[in-house]
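# Observations on the model geometry
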Amino acid sequence: MDPQLYHPLSETVYGDEIWPVFRRMRDEAPDYFLEEFDTYFLTRFQDIWDLLPNPNLSIARGQTTVELLLGQSAAPGQGEALSAADPPYQTAIRAAIMKLFSPNSARRLEPLAREFTRRFLAEARERGGVDAIGELGMRLSVRIACTIIGIPLEESDRLVSDVNAFFDRSDETEGSTPTSLDARDRLVDFIDELIDGHRRRPGDGDLVDALLGIEVDGRRMTDDGLRGTLITGIVGGTETLPKVFAACTYRLWQHPDQRARVAEDPSLCGDAFWEALRYDMPTQMLGRTVIRDTELHGRVMTPGQKVMYLWPAANRDEREFDDPERFDIERRAPRILSFGHATHRCLGANVAQLEGRVMLEELMALDPDYEIAEDEVVRLRSEFFRGFGALPIRFSNGVAA
Ligand code: HEM
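Description of the structure in this document. Fair warning: this is a prediction, and the values are worked out from it, not measured in the lab.

About the criteria used
Residues numbered from 1 in each chain as written. Predicted model: local features only at pLDDT ≥ 70, side-chain atom pairs only at ≥ 80, totals over all residues. Heavy atoms only, no water. Helix = DSSP H or I, 4+ residues; strand = E, 2+ residues; numbered from the N terminus. Rg over C-alpha atoms; globule rule 2.2 N^0.38 Å. Buried < 20%, exposed > 50% of the residue type's maximum accessible area, 1.4 Å probe, protein only. Contact = heavy atoms within 4.5 Å. Areas by Shrake-Rupley, 256 points an atom, 1.4 Å probe, with all protein chains shown as cover. Lys, Arg positive; Asp, Glu negative; His and termini not counted. Charge placed at Lys NZ, Arg CZ, Asp CG, Glu CD. Pairing = 2+ DSSP bridges. Core = buried A, V, L, I, M, F, W, Y, C linked by side-chain atoms within 4.5 Å. Near = heavy atom within 4 Å. Polar contact = N/O pair within 3.5 Å; in protein donor to acceptor, adjacent residues only side chain to side chain. Nonpolar A, V, L, I, M, F, W, Y, C, P; charged D, E, K, R; others polar. Axes fitted to C-alpha atoms, helices over the stretch in contact; angles between N-to-C directions. Parallel < 35°, antiparallel > 145°, perpendicular 65-115°, else oblique. Left-handed = near helix turned anticlockwise from the far one by under 90°. Expected span 1.5 Å × (residues − 1). Bend = angle between axes of the 7 residues up to and from the residue. Salt bridge = Lys/Arg side-chain N within 4 Å of Asp/Glu carboxyl O. Disulfide = S-S within 2.5 Å.

The subject of this paragraph is the overall build of the protein. A tally of regular secondary structure across the protein gives 15 helices and 14 strands. Computed over its C-alpha atoms, the radius of gyration of the protein comes to 21 Å, within 12% of the 21 Å expected for a compact globule of 401 residues. Projected onto its principal axes, the C-alpha positions of the protein cover 60 × 55 × 40 Å. Per-residue burial for the protein yields a buried fraction of 57% across its 401 residues. Considering only intrachain contacts with a sequence separation of at least 6, the fraction spanning at least 24 residues in the protein is 72%. Summing over all exposed atoms, the protein offers an accessible surface of approximately 16700 Å²; the carbon and sulfur share of this is 49%. Placing the 47 positive and 69 negative side-chain charges of the protein at their respective mean positions leaves the two points 3 Å apart.

Of the two faces of strand β2 (residues 39-42), the one carrying Thr39 and Phe41 and the one carrying Tyr40 and Leu42 are both buried. Note: strand β1 (residues 31-34) against β2, four bridges, orientation antiparallel. Pairing of Tyr32 across the sheet is with Phe41, part of β2. Linkage of β1 to β2, two consecutive antiparallel strands, is achieved through a turn of four residues, within which Asp38 is found at a positive phi near 50°. Bridge count for β2 against strand β10 (residues 306-309) is four bridges, and the pairing is parallel. Across the sheet, the residue bridging to Thr39 is Lys306, located in β10.

Side-chain alternation along β10 places Lys306 and Met308 on one buried face and Val307 and Tyr309 on a second face that is also buried. As paired strands, strand β7 (residues 286-290) and β10 are joined by four bridges and run antiparallel to one another. Bridging across to β10, Gly287 finds its partner in Met308.

With that settled, consider the nonpolar core. Where a protein is soluble and globular, its nonpolar side chains tend to be buried together. Counting residues in hydrophobic clusters, the biggest one holds 113 residues, and the most contacted among them are Ile149, Leu211 and Tyr309. Take this core: its biggest share by element is 14 residues, from helix α11 (residues 223-254). With near-sequence residues (within four places) excluded, Ile149 lies in contact with Leu194, Asp206, Leu207, Val208, Leu230, Gly233 and Ile234. In this structure, Leu5, Leu70, Met308 and Leu310 belong to the second largest nonpolar core, which totals 22 residues.

Further remarks concern the site of the ligand. The ligand sits among 26 residues. The nearest are Gln63, Arg94, Arg288, His344 and Cys346. His344 is positioned such that a nitrogen or oxygen atom in its side chain is 2.7 Å from an oxygen atom of the ligand. Residue assignment for the shell around the ligand shows that the elements contributing at least two residues are α4 (89-97), α11 and β7. When residues in the shell around the ligand are grouped by element, the largest group, six residues, is from α11. Along the lines of polarity and charge, the residues of the shell around the ligand split into eleven nonpolar, twelve polar and three charged.

In this section: the sheet that holds strand β11 (residues 371-372). Reading across from one edge, β4-β14-β11 is the order of the three strands in this open sheet, with antiparallel pairing throughout. Looking at the sheet topology across the chains shown, the edges are occupied by β4 (129-131) and β11. When β4 meets strand β14 (residues 392-394), the two strands line up antiparallel, connected through three bridges. Bridged to Gly129 within β14 is Arg394.

Moving on, we come to the packing of helix α9 (residues 178-200) against α11. Put simply, α9 and α11 touch, their axes get as near as 10 Å, and they point 110° apart. It follows that α9 is roughly perpendicular to α11 by the angle criterion. Relative to α11, α9 is oriented so that their crossing is right-handed. Each of Leu187, Val188, Ile191, Asp192, Ile195 and Arg199 in α9 lies in contact with α11, whose residues at this interface are Asp223, Leu226, Arg227, Leu230, Ile231, Ile234 and Val235. Here the contact of α9 with α11 is composed, by residue class, of nine nonpolar, no polar and four charged.

On to helix α7 (residues 132-149), then. Taking 1.5 Å as the rise per residue, α7 with 18 residues should run 26 Å; its terminal C-alpha atoms sit 24 Å apart, in good agreement. At Met138, α7 is deflected by roughly 35°, the largest bend along its length. Within α7, 15 of the 18 residues are buried, which leaves it mostly tucked inside the rest of the structure. Once α7 ends, the next one or two residues include Gly150, with phi positive near 105°.

Turning to the pattern of salt bridges, a few remarks are in order. Enumeration over the complete set of coordinates arrives at 38 salt bridges. Between Asp223 and Arg199 there is a salt bridge, and its shortest N-O distance comes to 3.1 Å. Here Asp223 is found in helix α11, whereas its partner Arg199 is found in helix α9, with 24 residues between them in sequence. Glu320 is paired through a salt bridge with Arg335; the nearest N and O atoms lie 2.9 Å apart. Of this pair, Glu320 sits in the loop between α14 (311-314) and α15 (349-366) while Arg335 sits in the loop between α14 and α15, and the two are 15 residues apart along the sequence. Note on Glu320: relative accessible area 25%, which makes it partly exposed. The network of salt bridges with shared partners includes Arg23, Arg26, Asp27, Asp317, Glu318 and Arg319.

All right, on to the sheet that holds β1 then. Backbone-to-backbone hydrogen bonds join strands into a sheet, with any given pair of strands oriented parallel or antiparallel. Pairing is mixed across the open sheet formed by five strands, whose spatial order is β1-β2-β10-β7-β3. Pairing within the sheet leaves two strands with one partner each, and these edge strands are β1 and β3 (57-58).

Here we take up the state of the cysteines. Think of a disulfide as a covalent bridge from one cysteine sulfur atom to another cysteine sulfur atom. Applying the stated criterion across every chain yields a total of zero disulfides. Cysteine Cys248 shares no disulfide, and the gap to the nearest cysteine sulfur, in Cys269, comes to 7.9 Å.

In short, the description is geometric, and any link to function would need to be established separately.
Below is the structure:
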């Protein structure tokens, strides 16, 4: 296979020109290998689905592009944090905190999510528009993440700026920039204070309390494990959701007939968000390291080699989805890969779907004929995230911002 076809750090991955490349990879090279990274890049839905639960692949050496492809360390807690540990340790941690993320817990957050969304939209109405990411999605997602974790809401806006800076990218540097490393250090200091605070005075049954109470084989979580797990909660809980919400509003704007159906029947909001998750998964890829020989498409992947799961490519695999390039809010795909699958499946999946649905319901109730200021849209240029960095919505019945 042509080694020039795909490169994870090339500009091609930012925009729409990647879709035909993914198609060729799925058809011609489902185990596309790049010597430079000693890594397989997987694009077929079923391959990824089947490998995710496979214990021959480990998350302990990292999961992100900077960790696995660039050899940089992203967050503390390797081997001890929830999203950096393999079973059985990870299974025990997950079981102990699972109930904070259950469908019932998510439902209990709905009034709060709606109250915040209404407040942000009311403020935005005065201005005539809203950035779906910076002025709505992130402000909601960080507050909900703070509520679950046990962080005072007054801290939420400063956390947003650190989380944004954590993903800072520049055309001059591969992967993390000095700005992103500084933000990581600030987040770690913040989390250390949060943990100390909870040790002195426990919260109200929040995530920090739950983590502090965990014992696996008679041993408490290490401070690094706590830090890494809480960073995943803050960053994972805040950063991805707004991008999917922005994509959802953008696709509905591009498809006025589908938007009209949502306006007529708001019970379609959850389905529309689910389709946006499939169609516009913002995370380019996450991966694992092979720890025992594993066969894939007749080739043996050997210990030390890495495997990257290209979620956006798998979510448009024609082997899994009919006419996958079509955005269709009534598709109701029985399975998608945007929340991963199996061992490390996104704990926040119920919460994320709640937030997306509530924001869309409220936006449609306010103004089903909103416009998008296409010339002011910011598109991301990153090996880690694709999609929108800013998506200005203009209200059809409002004053221009
Ligand atoms: C649309 C929004 C979101 C998307 C697309 C998303 C996606 C993902 C994916 C793909 C994984 C699996 C990683 C892997 O297998 O390597 C994951 C894990 C995780 N996510 Fe999310 N996520 C979202 C929102 C959230 C929210 C709102 C929270 C918390 C409130 C959250 C918390 C977590 C945690 C704690 C894990 C680690 C689970 C583990 O390692 O066992 N996520 N997420």
